[in-house]
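Topology and contacts: notes
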Amino acid sequence: MAKLIYSAIASLDGYVEDAQGTFDWAAPDTEVHAFVNDLERPIGTYLFGRRMYETMVFWETAGTGDDQSAVIRDFAKIWRAAEKIVYSRTLQTRASARTRIEHDFDPGAINRLKESSERDITIGGAALAGEAIAAGLVDECHLFLTPIVVGGGKRALPDNVRVQLELLAERSFRSGVVHLHYAVGV
Ligand SMILES: NC(=O)c1ccc[n+]([C@@H]2O[C@H](COP(=O)([O-])OP(=O)(O)OC[C@H]3O[C@@H](n4cnc5c(N)ncnc54)[C@H](OP(=O)(O)O)[C@@H]3O)[C@@H](O)[C@H]2O)c1
């Protein structure tokens, strides 16, 4: 059975986007990006909320040129190879290959996908992942805490959800980013 995994790069106070709607402060450097690439490499399917999809679909057409670094080219290749399911009540057309749009987030369908998938599945952004955490669907969480306090914005983890976590691994990077890997709901 595949695991459903939520990954987010957040400020130390837990926001994926600040109150101005920006998240340039969360951009990974080469060391963190290479680590993220290795986490993404085995993933078979990405579940995206519409907003995260609109950010990430950039990778469908970018990042492969000779002028790009090896880590960027690697990520673009990994992103294009994965299957994508985009959750949206408004989006009508997909902007990438290997992509389908779902208008409803059905926990039963996600459980069936986990049962039938040979490779693990990721979920993002924060709103969609929050629904999945609340529904008890998320098995693991990777948080990358960036050394900045932004004071407000969009929270990486959902309000009004209480769930126990078990720390599986931790790592710090030269940039001051700290990676925390948790099992969820243990
Ligand atoms: N920190 C970082 O490194 C980083 C990286 C990339 C992006 N970001 C930021 O992260 C933010 C993620 O945004 P977010 O957490 O608001 O959004 P999200 O989860 O990516 O997308 C929310 C949208 O997903 C759809 N959706 C959610 N639940 C649904 C359901 N039950 N059924 C059907 N559709 C559903 C809706 O789309 P419709 O409105 O179309 O119905 C909803 O507006 C982005 O705004 C981006 O700025 C941060």
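Structure: see above.
Residues numbered from 1 in each chain as written. Predicted model: local features only at pLDDT ≥ 70, side-chain atom pairs only at ≥ 80, totals over all residues. Heavy atoms only, no water.

**Concerning the overall build of the protein chain**
When you go through the protein chain residue by residue, the secondary structure sums to five helices and ten strands. The globule rule puts the C-alpha radius of gyration for 186 residues at 16 Å, and the 16 Å found for the protein chain is close to it. Taken over the C-alpha atoms alone, the protein chain extends approximately 40 × 40 × 30 Å along its principal axes. Here the protein chain holds 186 residues, and 46% of them are scored as buried. When contacts within the protein chain are restricted to residue pairs at least 6 apart in sequence, long-range pairs at least 24 apart make up 69% of them. (Helix = DSSP H or I, 4+ residues; strand = E, 2+ residues; numbered from the N terminus. Rg over C-alpha atoms; globule rule 2.2 N^0.38 Å. Buried < 20%, exposed > 50% of the residue type's maximum accessible area, 1.4 Å probe, protein only. Contact = heavy atoms within 4.5 Å.)

**Topic: the pairing of strand β3 (residues 45-49)**
A large share of β3 lies buried, amounting to five of its five residues. Residues Thr 45, Leu 47 and Gly 49 of β3 are buried on one face, and the alternating residues Tyr 46 and Phe 48, pointing to the opposite face, are buried as well. Two elements, β3 and strand β4 (residues 83-87), share five bridges in a ladder whose sense is parallel. The residue bridging Tyr 46 from the neighbouring strand is Lys 84, located in β4. Inspection of the sheet shows β3 paired to strand β6 (residues 121-124) by four bridges, in the parallel sense. Looking across to β6, one finds that Tyr 46 is bridged to Thr 122. (Pairing = 2+ DSSP bridges.)

**Some remarks on helix α4 (residues 107-116)**
Among all positions of α4, only Ile 110, Leu 113 and Lys 114 are buried. For α4, the arc enclosing every buried residue in end-on projection is 100 degrees, short of the 170-degree limit, so these residues lie on one face. Among the exposed residues of α4, those oriented more than 90 degrees off its buried face are Arg 112, Glu 115 and Ser 116. Each element contacted by the buried residues of α4 is listed here: β1 (4-11), β3, β4 and β6. (Arc of directions from axis to C-beta.)

**Points about the packing of aromatic side chains**
Applying the stated criterion across every chain yields a total of eight aromatic pairs. Ring centres of Tyr 46 and Phe 48 lie 5.7 Å apart, and the angle between their planes is 65 degrees; on these two criteria the pair is classed as edge-to-face. A relative accessible area of 2% places Tyr 46 in the buried class. Ring geometry for Phe 58 and Trp 59: centres 5.3 Å apart, planes at 85 degrees, overall edge-to-face. (Phe/Tyr/Trp six-rings, centres within 6.5 Å; stacked < 30°, edge-to-face > 60°.)

**Topic: the site of the ligand**
Residues in contact with the ligand amount to 22 residues; listed here are only the nearest, Glu 17, Arg 51, Ser 88, Thr 90 and Glu 131. Between the ligand and Glu 17, the relevant distance is 2.4 Å, taken from an oxygen atom to a side-chain nitrogen or oxygen of the residue. Here an oxygen atom of the ligand and a side-chain polar atom of Lys 154 are 2.8 Å apart. Protein burial of the ligand: of its 930 Å² of free accessible surface, 88% is covered by the chains. Mapping the ligand onto the cavity grids shows that it belongs to the largest pocket. Of all the elements in the fold, those that place two or more residues in the shell around the ligand are β2 (15-18), α2 (50-56) and α5 (126-134). Here the shell around the ligand is built from residues that sort into ten nonpolar, six polar and six charged. (Near = heavy atom within 4 Å. Polar contact = N/O pair within 3.5 Å; in protein donor to acceptor, adjacent residues only side chain to side chain. Areas by Shrake-Rupley, 256 points an atom, 1.4 Å probe, with all protein chains shown as cover. 1 Å grid on protein atoms, 1.4 Å probe; cavity = no way out; pocket = protein on both sides within 12 Å on 5 of 7 lines; lining within 4 Å. Sits in = over half its atoms within 2 Å of the grid points. Nonpolar A, V, L, I, M, F, W, Y, C, P; charged D, E, K, R; others polar.)

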